[in-house]
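This is what each chain is made of:
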Amino acid sequence: MKTTIIPLGPQHPVLPEPLSFDLVLDNERVIEAIPSIGFIHRGLELLAPKRDFEEFVMIAERICGICSFMHGMGYCSAVEDVMALPVPRRALQLRVILAELSRVHSHLLWLGLAADAFGFENLFMQTWRLREDVLDIFEETTGGRVIFNIVKVGGMRKDVDDATLARIAAKLESIKPQLKQITDVFLNDYTVRNRLAGLAVLSGAQARELCVVGPMLRASGVAEDQRTRSPMYAGLDWEVVTEPDGDCYSRCRVRVREIFQSINLISQVAGKMAADGVAVKAAGAPNGEAFFRAEQPRGEVVYYVRGNGTRFLERFRVRTPTFANVPAVIKLLKGVELADVPTIILTIDPCISCMER
Amino acid sequence: MTMDITQLAPQELPARVSELAGAGARLVQISAVALPVTAAGETPAVELTYSFDKNGALSHQRLLAAPGGKVPSVSGVYFPAFLYENEIHEQFGVDFEGMAVDFKGTLYKTAVRVPFAVAAPVKKTPPPANPGEPQAK
């Protein structure tokens, strides 16, 4: 059998960040995909032993420009676990609101990229136009649109008053009709559905075997979401979004449904804010170790911190959702047509900045 | 906080991981920590932690990779492990035997060889309990 090797990436129109695959082809069919990363590896974890643990949150936020709040929150939560800090309930509620806003803007970003990838440029533009509304909320509450610097070890750097939170919830409710109009296209348009349905199917059993996480796992019918185990989400009315088919269309459906669910969660939290302050002082220094798991927009993320009683951590490590999902792509790409490869890679919502750190 | 950690010898790892896979546990992550060295220039031992999720509960298998020693790869049981193992090999210099995909040290293409293995500070000798007494070795 005569094979051809086609390099895909690291620069490619559908890839927002550099990732490369050597695709071994038999005619147009992929028989092997070999990934290659390392184009934006920065070694940020190596800075942990060189920075004060309270200042390191600013580096943690810079792991990625899309999940920046989630990285700051995850790092702080892991350190708080080691130090057994009693973080005020209001701070945890503010974290939930900002985390869910992050999910809305991340999923809208992905939907826009997906629309652009399958050639629906007007849909891409409209999706990102709505995402701007979410970024405006971030700017109003934190001062930043990409890096927020609002979370700290022990709670939050600043409060957001109840009136502002109510206005934010109302604003999000008001954009729901526009969101529905746009997401209906993703879910019902013939060409979109034809492009995604039945493509790169991952069964629930395969998803578990390949240890995938996040919307990719839930699109295979597995109801797993770290938020179900988080005390921050206790008492809120929500359930894990799943889809049964495991194909690219299901991954799209999960993200669409999660956008509306996140808006509902924000409305619920904003309506019952506690009034016990937003931070406690992080007295002393972390001594011990902890693993902390959270549900980022792309899936489960794991933070590991180890302190030695000084203000400099001995080790900080992040296992990001893309790191967990890339091995599954290698399996998914086997047997598919070359023309489908970019779409399939995109449906895992790869974040290479997170993956390489 | 309490963590469910089981200490293992490297040769016990494959059997333990197969047992966990058979029980339906998911490999969550593999992490490495370079342990503090006692003298500058010394190669640190690396502590490896394999984390598994079973019904939402997190448990960890921990072992020590001695300098120059080899650790069996678990990518035959959990395919995604190859990515963690390649990263740890490149960052900490730990050799894994039998990786499903071996990048041979070119995953991140770092300019500095095994950059994380020299990160841990030199462990300081504790000061004498009473001034005038010789320092503890």
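Check the entry above for the structure.
Residues numbered from 1 in each chain as written. Chains lettered and ligands numbered in written order. Predicted model: local features only at pLDDT ≥ 70, side-chain atom pairs only at ≥ 80, totals over all residues. Heavy atoms only, no water.

Caption draft 1: Molecular detail of the packing of helix H3 (residues 89-117) of chain A against helix H5 (residues 162-174) of chain A. Residue and element names in this part refer to chain A. Packing of H3 against H5 leaves a shortest axis separation of 13 Å and a crossing angle of 25°. Taken together, H3 and H5 sit at an angle that is classed as roughly parallel. At the point where H3 passes H5, the crossing takes the left-handed sense. Taking contact as the criterion, the partners of Arg-90, Leu-94, Ile-97 and Leu-101 in H3 are, on H5, Asp-162, Leu-165 and Leu-172. Residue composition of the contact of H3 with H5, by class: five nonpolar, no polar and two charged. (Axes fitted to C-alpha atoms, helices over the stretch in contact; angles between N-to-C directions. Helix = DSSP H or I, 4+ residues; strand = E, 2+ residues; numbered from the N terminus. Parallel < 35°, antiparallel > 145°, perpendicular 65-115°, else oblique. Left-handed = near helix turned anticlockwise from the far one by under 90°. Contact = heavy atoms within 4.5 Å. Nonpolar A, V, L, I, M, F, W, Y, C, P; charged D, E, K, R; others polar.)

Caption draft 2: Local environment of the nonpolar core. Counting residues in each nonpolar core, the largest one holds 161 residues, and the members touching the most others are Phe69(A), Tyr75(A), Phe316(A), Leu333(A), Leu48(B) and Tyr50(B). By residue number, the principal contributor to this core is H3(A), which donates 15 residues. Excluding its chain neighbours within four sequence positions, the residues that come into contact with Leu48(B) are Ser31(B), Ala32(B), Gln61(B), Arg62(B), Leu63(B), Ala65(B), Val71(B), Ile88(B), Val94(B) and Phe96(B). (Core = buried A, V, L, I, M, F, W, Y, C linked by side-chain atoms within 4.5 Å. Buried < 20%, exposed > 50% of the residue type's maximum accessible area, 1.4 Å probe, protein only.)

Caption draft 3: Structural context of the sheet that holds strand E2 (residues 26-34) of chain B. Residues and elements named next belong to chain B. Across the sheet, four strands lie side by side as E1-E4-E3-E2; this open sheet has mixed pairing. Strands at the two margins of the open sheet, each flanked by one partner only, are strand E1 (5-8) and E2. This sheet shows a mean twist of 20° between the axes of neighbouring strands, independent of strand direction. When E1 meets strand E4 (residues 57-65), the two strands line up parallel, connected through four bridges. Directly across from Gln-7, in E4, lies its bridge partner Arg-62. Contacting E2 and strand E3 (46-54), helix H2 (residues 81-92) crosses the sheet at an angle of about 5° to E2. (Pairing = 2+ DSSP bridges.)

Caption draft 4: Molecular detail of the pattern of salt bridges. Residue and element names in this part refer to chain A. Summed over the entire model, instances satisfying the criterion amount to 38 salt bridges over all chains. For Arg-311, the salt bridge is made with Asp-52, and the minimal N-O distance between the two is 2.6 Å. With Arg-311 in the loop between strand E7 (299-308) and strand E8 (315-319) and Asp-52 in the loop between strand E3 (29-36) and helix H1 (56-61), the pair connects residues that are 259 residues apart, well separated along the chain. Residue Arg-311 is classed as partly exposed on the basis of its relative accessible area, which comes to 31%. For the salt bridge of Glu-80 with Arg-95, the shortest nitrogen-to-oxygen distance reads 2.7 Å. You can see Glu-80 sitting in helix H2 (residues 68-83) and its partner Arg-95 sitting in helix H3, a full 15 residues away along the chain. When sorted by exposure, Glu-80 lands in the same class as Arg-95, which is buried. (Salt bridge = Lys/Arg side-chain N within 4 Å of Asp/Glu carboxyl O.)

Caption draft 5: Seen up close, the sheet that holds E3(A). Residues and elements named next belong to chain A. What the three strands build is an open sheet, ordered E1-E2-E3; its pairing is antiparallel. This sheet does not close on itself; its edge strands, each paired only once, are strand E1 (4-8) and E3. Pairwise comparison of adjacent strand axes, ignoring direction, gives a mean angle of 25° for this sheet. Looking at chain direction, strand E2 (residues 20-26) and E3 are connected through seven bridges and run antiparallel. Each residue of the ladder has a partner; that of Leu-25, found in E3, is Val-30. Contacts from helix H11 (residues 321-333) reach E2 and E3, with the element oriented near 160° to E3.

Caption draft 6: Expanded view of the interface of chain A and chain B. With 37 residues of chain A at the interface, the matching set in chain B holds 39 residues. Viewed at the interface, chain B and chain A are joined by seven salt bridges. The partner of Asp53(B) in a salt bridge is Arg293(A), with the nearest N and O atoms 2.6 Å apart. On the surface where chain A and chain B come into contact, there are 14 residue pairs in polar contact (both at pLDDT 80 or more). (Polar contact = N/O pair within 3.5 Å; in protein donor to acceptor, adjacent residues only side chain to side chain.)

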